[in-house]
Amino acid sequence: MNYRKDLEKMPSYDGTEKNYQIKVNANESTLNLPPLVEERVLNRLGYVAFNRYPNEEYDLLVGQIAKNFSVKKSQILLGGGSSEIIEKVFHAFGGDGKKIVYPVPSFSMYKIYAKAAEAQAFPFNLDEKFDLNVDEFIKKVNEVGADLAVVCNPNNPTGNALTVAQVEEIAKNINCAFLLDEAYVEFYGHSAFSLIQKYPNLIVARTFSKAYGMAGARVGYMLAAEDVTRMINKTFMPYHMNTLSLAAADIVYQMRDEFVPRIQMTVAERQRMFEQLKTLPGVEVFPSQTNFILIRYEKATALNEYLESLDIGVRYFSPSAVELKNCLRISMGTRMENDEVFAAIKNFVNGK
């Protein structure tokens, strides 16, 4: 079989999942849709025209998002989660000889998308506390002559975030496209989307997967200047979104206020878990503005094995991820789930 050159060397994302009793490994919402939202979604799906392409559903959702952000519909594109949006942005600015700069550790798919786009990847190391040195990042982007700079804010898997002022500092001082991945911004509360009106190089990607609990539906969107969306739209296939997901997302976005208490609960649980984990000897806990917490512990491998024996799934980073050595990422579950996770970690750390 004559496969594409270098396909064998292509890195891949392991999406294999185990159905843990307590599953806090994928940054998903621990709860399904609110009952009232679920009722409206199911009712809406009863009116879906399966025999038609999803033009109407696509336009309805774009219209809602445009109205909420006070931008033109032509400034918005939808995709299969923010992941597809990011992949298409990499494709649009990638190609032979093109250069893409992104922080590490960050979203693991950046490396894969850069490779798929046949672009040169220039990882930029975060410091020992996983903070991004904005001045040095700007310097790196300009020195290599990047075609695209990428920042996940708040950052996955570290949880920390740049201020809007820091994001603006990057946007105004680099000479290329700037993709801001805001997949977790609802838990942070400080989006930089308004900067797209001031900086035409800025592209903001968002998702329904995290705060709105729609990881299974695969819906995301991007906001950018009209000429940017026009060009990036060329990288999408016709009718790349399905009617069911779009119809469900349309209802969810109409009723997004129903999710506010859940977001607040997640933030409160994150802070509670942060304070509790800090009390454990030998456990380094990193501040987070997301729906998860990253910890570093010398016996992380053994701890992960212990949690798995209890049917608790957290995100364990393999030894190949050198920047995340001895790190575990814990998504926020319900209060009861979080209590069980903490009790298990505490028992292991205390030798029980």
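These numbers come from a predicted model, not from an experiment. (Residues numbered from 1 in each chain as written. Predicted model: local features only at pLDDT ≥ 70, side-chain atom pairs only at ≥ 80, totals over all residues. Heavy atoms only, no water.)

### Quick look at the packing of helix 9 (residues 260–277) against helix 11 (residues 335–349)
Note the cut-off: Interaxial angle, 0 to 180 degrees, is taken between N-to-C directions of lines fitted to C-alpha atoms, where a helix line uses only the stretch in contact. Only runs of H or I of at least four residues qualify as helices and only runs of E of at least two qualify as strands under DSSP, and these elements are numbered from the N terminus. For this classification, under 35 degrees means roughly parallel, over 145 means roughly antiparallel, 65 to 115 means roughly perpendicular, and everything else is oblique. It is the rotation of the near helix from the far one that decides the hand of a crossing: anticlockwise by less than a right angle makes it left-handed, clockwise makes it right-handed. Throughout, a residue-residue contact means that at least one pair of heavy atoms, one from each residue, lies within 4.5 Å. For this scheme, ten residues count as nonpolar: Ala, Val, Leu, Ile, Met, Phe, Trp, Tyr, Cys and Pro. Four count as charged, namely Asp, Glu, Lys and Arg, and the remainder, Gly too, count as polar.
Two elements in contact, helix 9 and helix 11, have axes separated by 11 Å at closest approach and are oriented at 15°. Regarding the angle of helix 9 to helix 11, the classification is roughly parallel. Judged by the twist between their axes, the crossing of helix 9 over helix 11 is right-handed. Across from E269, R272, M273, Q276 and L277 in helix 9, the residues of helix 11 making contact are R335, N338, D339, V341, F342 and I345. A per-class count over the contact of helix 9 with helix 11 returns 5 nonpolar, 2 polar and 4 charged.

### Overview of the environment of L36
Note the following rule: Per-residue accessibility, obtained with a 1.4 Å probe over protein chains only, is compared with the maximum for each type, and a residue is labelled buried under 20%, exposed over 50%, and partly exposed between these values.
Structurally, L36 is set in helix 1 (residues 35–45). The partly exposed category is assigned to L36, whose relative accessible area is 36%. A C-alpha to C-alpha distance of 29 Å links L36 and E17, two positions 19 residues apart in sequence.

### Regarding the pattern of salt bridges
Stated precisely, the cut-off is as follows: Salt bridges are defined as contacts in which a side-chain nitrogen from Lys or Arg sits within 4 Å of a carboxyl oxygen from Asp or Glu.
Summed over the entire model, instances satisfying the criterion amount to 16 salt bridges. Residue E169 is joined to K172 by a salt bridge in which the shortest nitrogen-to-oxygen separation is 3.9 Å. Here K172 and E169 lie together in helix 6 (residues 164–173), a separation of 3 residues that amounts to about one turn. Exposure remark for K172: the relative accessible area of 48% places this residue in the partly exposed category.

### Concerning the layout of surface pockets
Basically, it comes down to this: Grid points spaced at 1 Å and placed over the protein atoms alone form the basis of the search, with a cavity being a set where a 1.4 Å probe fits but cannot get out and a pocket an open set showing protein on both sides within 12 Å along at least five of seven lines. Lining residues have an atom within 4 Å of a point. Grid points are joined across faces, edges and corners, and a volume is the space filled by probe spheres set on the points.
The calculated volume of the second largest pocket comes to roughly 350 Å³. Residue lining of the second largest pocket: 17 residues in total, with Y58, D59, L77, N233 and H240 positioned closest to the centre. Looking at the lining of the second largest pocket, the elements with two or more residues in it are helix 2 (55–69) and strand 2 (76–79). For the lining of the second largest pocket, a count of residues per class yields 10 nonpolar, 5 polar and 2 charged.

### Things to note about the sheet that holds strand 5 (residues 148–152)
Note the threshold: By this definition, two strands are paired if DSSP reports at least two bridges between them.
One open sheet holds the 7 strands; their spatial order is 2-8-7-6-5-3-4, and the pairing between them is mixed. A single partner strand is all that each edge strand has here, and the edge strands are strand 2 and strand 4 (120–125). Along the sheet, successive strands turn relative to each other by an average axial angle of 20°, direction set aside. Across 2 bridges, strand 3 (residues 99–104) lies against strand 5 in parallel orientation. Paired with I100 across the two strands is L148, which belongs to strand 5.

Shape is all these values report; function is a separate question.
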